[in-house]
Amino acid sequence: MTKRLVFLGPPGAGKGTIANRIAAKFNLPHISTGDLLRKEVAAETEVGKKAKGEMLRGELVNDELVTAVLRKRLSQGDAAKGFILDGYPRTMKQVELLENALKEIGEKLDVVLHIDASQKTIIKRLSNRRQCKRCGKLYNLVSLPPKNKGRCDVCQGELFQRKDDEQEAIKKRLQAYGQRTKPIISYYKEKGLLREVDCNGEIEENLLNAEEALKGI
Ligand code: ADP
Ligand code: ZN
């Protein structure tokens, strides 16, 4: 069966981690617009140059720009069988652009999973998040610390803090979420696509809850 899923929720709710695991379980590509954009920035492409400033400040990237990046990814063969979108759509305009893109291939979304966590949980998670420079693996200084301080368990790469995980940028990201992304939740709810999962707990518990919420798809 083809599955087209969207994972929606505030930064730090655990969207990425959960999307990763569920994608492996259902054998679907995990498509994160944040990751796609970071790749463009790292490769210093035209798109990357345009997106960089907003990303560093924790602001949203232009709707058309991020949609172009997403469309390119969706046109790759593996996305034909379905996908999990992580971090897209984030504005009502993106909701519309995504609907158009899917309409062109005679498709629509199957489920939107709202992954939620409290402001307190979010700030704690994001400010303690570290990432391996070399392989990208994520750590948390409190809940998932590396064995050796500042070093990746897998590849010994150096751990760093994302610029947009610093205090000021976290505030901006939460603001953008409240103003631009929250309205999307009511929209999908009215369409009957929404399912919800509380992710204030530990990773494994949240994952089980997410699987439960997706039962029957
Ligand atoms: P988070 O959800 O934790 O904020 P992401 O890795 O999903 O982090 O995104 C990082 C940054 O990339 C965002 O702060 C934003 O600047 C940009 N971005 C990612 N997805 C989108 C999107 N759908 N629309 C606009 N900007 C986006
Ligand atoms: Zn590593």
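Student: Any chance you could break down the packing of aromatic side chains for me, citing the residues and the numbers?
Tutor: Under the definition given, this model contains one aromatic pair. Geometrically, the ring pair formed by Tyr187 and Tyr188 is edge-to-face, given 5.5 Å between the ring centres and 65° between the ring planes. Relative accessible area serves as the criterion here: at 2%, Tyr188 is assigned to the buried category. When the ring centre of Tyr139 is taken as origin, the NZ or CZ atom of Lys137, which lies over that ring, is 5.3 Å away.

Student: How would you explain the sheet that holds strand β1 (residues 3–8) if you had to name every residue and give the values?
Tutor: Pairing within the open sheet is parallel, and its five strands lie in the order β2-β3-β1-β4-β8. This sheet does not close on itself; its edge strands, each paired only once, are β2 (30–32) and β8 (194–198). Taking each pair of neighbouring strands and ignoring which way they run, the sheet shows an average axis angle of 20°.

Student: Give a detailed account of the sheet that holds strand β7 (residues 159–160), specifying residues and quantitative values.
Tutor: Read across the sheet, three strands follow the order β6-β5-β7 without closing on themselves; strand pairing throughout is antiparallel. Only two strands of the sheet have a single partner each, and these edge strands are β6 (138–140) and β7. The pairing of strand β5 (residues 129–132) with β6 spans three bridges and is classified as antiparallel. Bridging from a neighbouring strand, Arg129 pairs with Asn140 of β6.

Student: Which residues make up the packing of helix α2 (residues 33–42) against helix α4 (residues 63–74), and what are the values?
Tutor: Packing of α2 against α4 brings their axes to within 10 Å, and their N-to-C directions diverge by 100°. Our classification of the angle between α2 and α4 gives roughly perpendicular. Residues Thr33, Leu36, Leu37 and Glu40 of α2 touch α4, and the partners they reach there are Val66, Val69, Leu70, Lys72 and Arg73. Residues that form the contact of α2 with α4 fall into these classes: five nonpolar, one polar and three charged.

Student: Outline the packing of α2 against helix α3 (residues 46–57), supporting the account with residue identities and numerical values.
Tutor: Two elements in contact, α2 and α3, have axes separated by 8 Å at closest approach and are oriented at 115°. Like other packed secondary-structure pairs, α2 and α3 cross with a definite hand, here left-handed. Contact with α2, carried on its side by Gly34, Leu37, Arg38, Glu40 and Val41, involves Val47, Gly48, Ala51, Lys52 and Met55 of α3 and no other residues of that element. Broken down by class, the residue content of the contact of α2 with α3 amounts to five nonpolar, two polar and three charged.

Student: Explain the coordination of the zinc ion (ligand 2) to me, using residue names and the numbers behind them.
Tutor: Each donor-metal-donor angle in an ideal tetrahedron of four donors is 109.5 degrees, and each such angle in an ideal octahedron of six donors is either 90 or 180 degrees. The protein atoms that coordinate the zinc ion (ligand 2) are Cys132 (SG), Cys135 (SG), Cys152 (SG) and Cys155 (SG), at distances of 2.3 to 2.4 Å. What the four donor atoms of the zinc ion (ligand 2) show is an angle range of 95 to 118° at the metal, which sorts the shape as tetrahedral. All donors to the zinc ion (ligand 2) come from one chain, and their sequence spacing reads C-x2-C-x16-C-x2-C. Of the two residues, Cys135 sits in the loop between β5 and β6 while Cys155 sits in the loop between β6 and β7, which places them 20 residues apart along the sequence.

Rules and cut-offs
Residues numbered from 1 in each chain as written. Chains lettered and ligands numbered in written order. Predicted model: local features only at pLDDT ≥ 70, side-chain atom pairs only at ≥ 80, totals over all residues. Heavy atoms only, no water. Phe/Tyr/Trp six-rings, centres within 6.5 Å; stacked < 30°, edge-to-face > 60°. Buried < 20%, exposed > 50% of the residue type's maximum accessible area, 1.4 Å probe, protein only. Lys NZ or Arg CZ within 6 Å of the ring centre and 35° of its normal. Pairing = 2+ DSSP bridges. Helix = DSSP H or I, 4+ residues; strand = E, 2+ residues; numbered from the N terminus. Axes fitted to C-alpha atoms, helices over the stretch in contact; angles between N-to-C directions. Parallel < 35°, antiparallel > 145°, perpendicular 65-115°, else oblique. Contact = heavy atoms within 4.5 Å. Nonpolar A, V, L, I, M, F, W, Y, C, P; charged D, E, K, R; others polar. Left-handed = near helix turned anticlockwise from the far one by under 90°. Donors = N, O, S within 2.8 Å, 3.2 Å for Na, K, Ca; no water. Tetrahedral: all angles 85-135°; square planar, octahedral: opposite > 155°, others 65-115°.

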